[in-house]
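What follows is the residue order along each chain.
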Amino acid sequence: MYFADKVGESGQVFCYEFVPRNIAIMRRQFELNPRLTGRIRLVQNAVWSCSGESLHYEDHGPGTQVRSGDVVDARARVETLSIDDMVTRERLERLDFIKMDIEGAELAALKGAEVALRRFAPKLAVCVYHRFSDFFDIPDYLLSLDLGYRLYLRHFSIHGEETVLFATRA
């Protein structure tokens, strides 16, 4: 809702969410904020490096994670849609900002956004605290694209969570 308000009447927010319980909460927010609802496009897929892959997940609310391959304890499946394919499908002419807090799938999702990153060089806010290696792997990946991003790391709580990597063009 915050971003829908900030983009203004002509802007669009694309929100990836596939967990039924979370979608129900979002729909309730839409009912409570009808002025903003038309600015939000719900993408009911998992964001990933490629589209059309079937991933397993177990609903843990905001902490739900997706996994590929054989998973014994996963109770549900979701199909993936990369950002690049979403941009093509929606015929987007602009992509200004990407925010990711997707429980450890950030690097895979960024790899599935390479064409969009190269074309639009959007500002980024990417959580890096889900996996220790993301503190290194995500900045390394973004810098390897050689897009002129300047990277900033910020931490937003007294706990071990909420460390965000920001990327902007120089």
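Above this text sits the structure in question.
Since we're looking at a predicted model, the values are computed, not measured. (Residues numbered from 1 in each chain as written. Predicted model: local features only at pLDDT ≥ 70, side-chain atom pairs only at ≥ 80, totals over all residues. Heavy atoms only, no water.)

1. Details of the pairing of strand β9 (residues 163-169)
So, step 1. Pairing of strand β7 (residues 123-127) with β9, which is carried by four bridges, proceeds in the antiparallel orientation. Residue pairing for β9: leucine 124 is matched across the bridge by alanine 167.
So, step 2. In terms of strand pairing, strand β8 (residues 149-155) meets β9 through seven bridges, oriented antiparallel. By the bridge assignment, tyrosine 152 is partnered in β9 with phenylalanine 166. (Pairing = 2+ DSSP bridges. Helix = DSSP H or I, 4+ residues; strand = E, 2+ residues; numbered from the N terminus.)

2. Let's talk about the layout of surface pockets
So, step 1. Computed from the structure, the largest pocket encloses a volume of approximately 1800 Å³.
So, step 2. As for the largest pocket, its lining consists of 44 residues, and the residues nearest its centre are Val13, Phe14, Cys15, Tyr16 and Lys99.
So, step 3. Elements with a minimum of two residues in the lining of the largest pocket: α1 (2-7), β1 (13-16), α2 (20-32), β4 (65-67), α4 (83-90) and β6 (97-100). (1 Å grid on protein atoms, 1.4 Å probe; cavity = no way out; pocket = protein on both sides within 12 Å on 5 of 7 lines; lining within 4 Å. Points joined across faces, edges and corners; volume = space filled by probe spheres on them.)

3. Here's the deal with unusual backbone geometry
So, step 1. At glutamate 103, a position not held by glycine, the phi torsion is positive, near 55°.
So, step 2. Within the fold, glutamate 103 resides in the loop between β6 and α5 (106-111).

4. Some words on the packing of aromatic side chains
So, step 1. Counted under the stated rule, the structure contains six aromatic pairs.
So, step 2. With centroids separated by 5.6 Å and ring planes inclined at 40°, the aromatic side chains of phenylalanine 3 and phenylalanine 97 adopt a geometry described as tilted. Highlighted residues: phenylalanine 3 in helix α1 and phenylalanine 97 in strand β6, separated in sequence by 94 residues.
So, step 3. Judged by relative accessible area, which is 34%, phenylalanine 3 ranks as partly exposed.
So, step 4. Given a relative accessible area of 38%, phenylalanine 97 falls into the partly exposed group. (Phe/Tyr/Trp six-rings, centres within 6.5 Å; stacked < 30°, edge-to-face > 60°. Buried < 20%, exposed > 50% of the residue type's maximum accessible area, 1.4 Å probe, protein only.)

5. Considering α2
So, step 1. Helix length check: α2, at 13 residues, gives a terminal C-alpha distance of 19 Å against a target of 18 Å (1.5 Å per residue), a fit within 8%.
So, step 2. Taken together, the buried positions of α2 are occupied by Asn22, Ile23, Met26 and Phe30. End-on view of α2: buried residues confined to an arc of 100°, all on one side of the axis. Those residues of α2 that are exposed and angled more than 90 degrees off the buried face are Pro20, Ile25 and Glu31. (Expected span 1.5 Å × (residues − 1). Arc of directions from axis to C-beta.)

6. With respect to the environment of threonine 80
So, step 1. Counting through the fold element by element, threonine 80 comes out in the loop between β5 (76-79) and α4.
So, step 2. Residue threonine 80 is classed as buried on the basis of its relative accessible area, which comes to 2%.
So, step 3. Discounting residues that sit within four places of it in the chain, threonine 80 has contacts with Asn45, Ala46, Trp48, Cys50, Ser51, Gly52, Glu53 and Leu55.
So, step 4. A polar contact of 2.7 Å, which involves the side chain of threonine 80, links it to the backbone oxygen of cysteine 50. (Contact = heavy atoms within 4.5 Å. Polar contact = N/O pair within 3.5 Å; in protein donor to acceptor, adjacent residues only side chain to side chain.)

7. Regarding the sheet that holds β4
So, step 1. Taken in spatial order, the three strands line up as β4-β3-β5 in an open sheet, and their pairing is antiparallel. Bordering the open sheet on either side are β4 and β5, each of which pairs with just one other strand. Strand-to-strand twist of the sheet, defined as the mean angle between neighbouring strand axes without regard to direction, takes the value 45°.
So, step 2. Pairing of strand β3 (residues 54-58) with β4, which is carried by three bridges, proceeds in the antiparallel orientation. By the bridge assignment for β4, tyrosine 57 is matched with valine 66. (Axes fitted to C-alpha atoms, helices over the stretch in contact; angles between N-to-C directions.)

Interpretation in functional terms is not warranted from these geometric data alone.
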